[in-house]
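Structural overview for review
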Amino acid sequence: MTQAPDPEAPEGVDLDRPNAARIYDWFLGGTANWAIDREFGERAVQTFPMIKTIARAGREFLGRGVRYMAQQGIDQFLDIGSGVPTVGNVHEIATSVNPNARCVYVDNEPVAVAHSQILLEREGVADRHAVLQGDLRDPADIWPRALDTGVLDPKRPIGLIMVGVLYFISRDEPALEIVRKYLSLLPSGSYFLSSHLTDDGVPTSDGESREAIHKQYQQSSTPFHFRSRAEFAEFFSGLELVEPGIAWVSDWHPEAGESSAGDRMADDPSFSGGICALGRKP
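Residues numbered from 1 in each chain as written. Predicted model: local features only at pLDDT ≥ 70, side-chain atom pairs only at ≥ 80, totals over all residues. Heavy atoms only, no water.

**Some points on the overall build of the protein**
Definition in use: A run of H or I in DSSP counts as a helix once it spans at least four residues, and a run of E counts as a strand once it spans at least two, with each numbered from the N terminus. Burial here depends on accessible area, computed with a 1.4 Å probe over protein chains only, as a share of the maximum for the residue type. Under 20% is buried, over 50% is exposed, and the range in between is partly exposed. Two residues qualify as a contact provided that any one of their heavy atoms is within 4.5 Å of a heavy atom in the partner residue. Note on areas: these come from Shrake-Rupley sampling with a 1.4 Å probe, and a residue is covered only by the protein chains present in the view.
On a plain count of helices and strands, the protein comes out with 10 helices and eight strands. Going through the 282 residues of the protein one by one, you find that 52% of them count as buried. Restricting the contact set of the protein to residue pairs at least 6 apart, pairs at least 24 apart contribute 77%. Total accessible area computed for the protein in this model is approximately 12600 Å², and 49% of it derives from carbon and sulfur atoms.

**A short note on the environment of R67**
Note that R67 resides in helix α3 (residues 51-71). The spacing of R67 and I93 is 26 residues in sequence and 6.3 Å in space, taken between C-alpha atoms.

**Comments concerning the packing of helix α6 (residues 139-148) against helix α7 (residues 175-185)**
The condition that has to hold: Each axis is a line fitted through C-alpha atoms, taken for helices only over the stretch in contact, and angles between the N-to-C directions span 0 to 180 degrees. Oblique is the label for any angle not covered by the other classes, which are roughly parallel (under 35 degrees), roughly antiparallel (over 145) and roughly perpendicular (65 to 115). Crossing handedness: left-handed means the near helix sits turned counterclockwise from the far one by under a right angle, and right-handed means the same turn made clockwise. Gly is put with the polar residues, along with every residue not named as nonpolar or charged; the nonpolar set is Ala, Val, Leu, Ile, Met, Phe, Trp, Tyr, Cys and Pro, and the charged set is Asp, Glu, Lys and Arg.
At a minimum axis distance of 10 Å, the contact between α6 and α7 shows a crossing angle of 30°. When the axes of α6 and α7 are compared, the pair comes out roughly parallel. α7 is crossed by α6, and the crossing has right-handed handedness. Here P139, I142 and W143 of α6 come into contact with α7, specifically with I178, K181, Y182 and L185. Looking at the contact of α6 with α7 residue by residue, the classes come out as six nonpolar, no polar and one charged.

**So, the environment of H214**
On the secondary structure map, H214 appears in helix α8 (residues 207-217). The buried category is assigned to H214, whose relative accessible area is 17%. Separated by 12 residues in the primary sequence, H214 and F226 have C-alpha atoms spaced 9.1 Å apart. Those residues in contact with H214 that sit more than four places away from it in its chain are F224, H225 and F226.

In structure tokens, the structure reads:
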């Protein structure tokens, strides 16, 4: 089927290089992407055919984590690095458990922000949820603006989400200090949900394909960076980890929802290359 011509890009969208949020949208079957993103995605699939399945596994982990937090009584969420709206958005999952749940979405990609706003307005829920454009590297900017929306009550527990985004912070940047700043702002009883790409403990049989994907992303506007399991665990220092602690994304509470991970990942969860955790602030 011939795809319709790309619509005019929202103001501020960089179409000179592919963008991770729009590529991820394409992996998941979305339409908020441009030709440059689709071309990148098609090359990625040729290099590493399981990459779409891995993307879905990460999205499904997000859904299970949000559902778990909502079931523990968390009814307000701050989703930083939320990406383009697609199947299983945070506010949809949270309100399926608690109709009064609220969410503030934050992303630095104009397409993600524009589509999120359109979705909230179309659903008639823009009065209970909000979306901001911002860079997670700047908590001093994001935190007050998130509170200014009136969606979040800083005196009550919040579910802070950074799923599939911290690996876009380079190893030369103070990722740990950034995360700890956000955690210091959260009230007691809040949760922190996150995931990260790692090359620590992944299968060596497809090492060349993984390295090729890594190099390919370095050519995009959003290169990613691996961190070890120990480095990822540092993000949760001082938090009470929910069982099973630091886990592969497909191994985190798989009973909480159906998975499309496929036989390869079911047999070897490390194949995803994605680790994750949920921690509670005492």
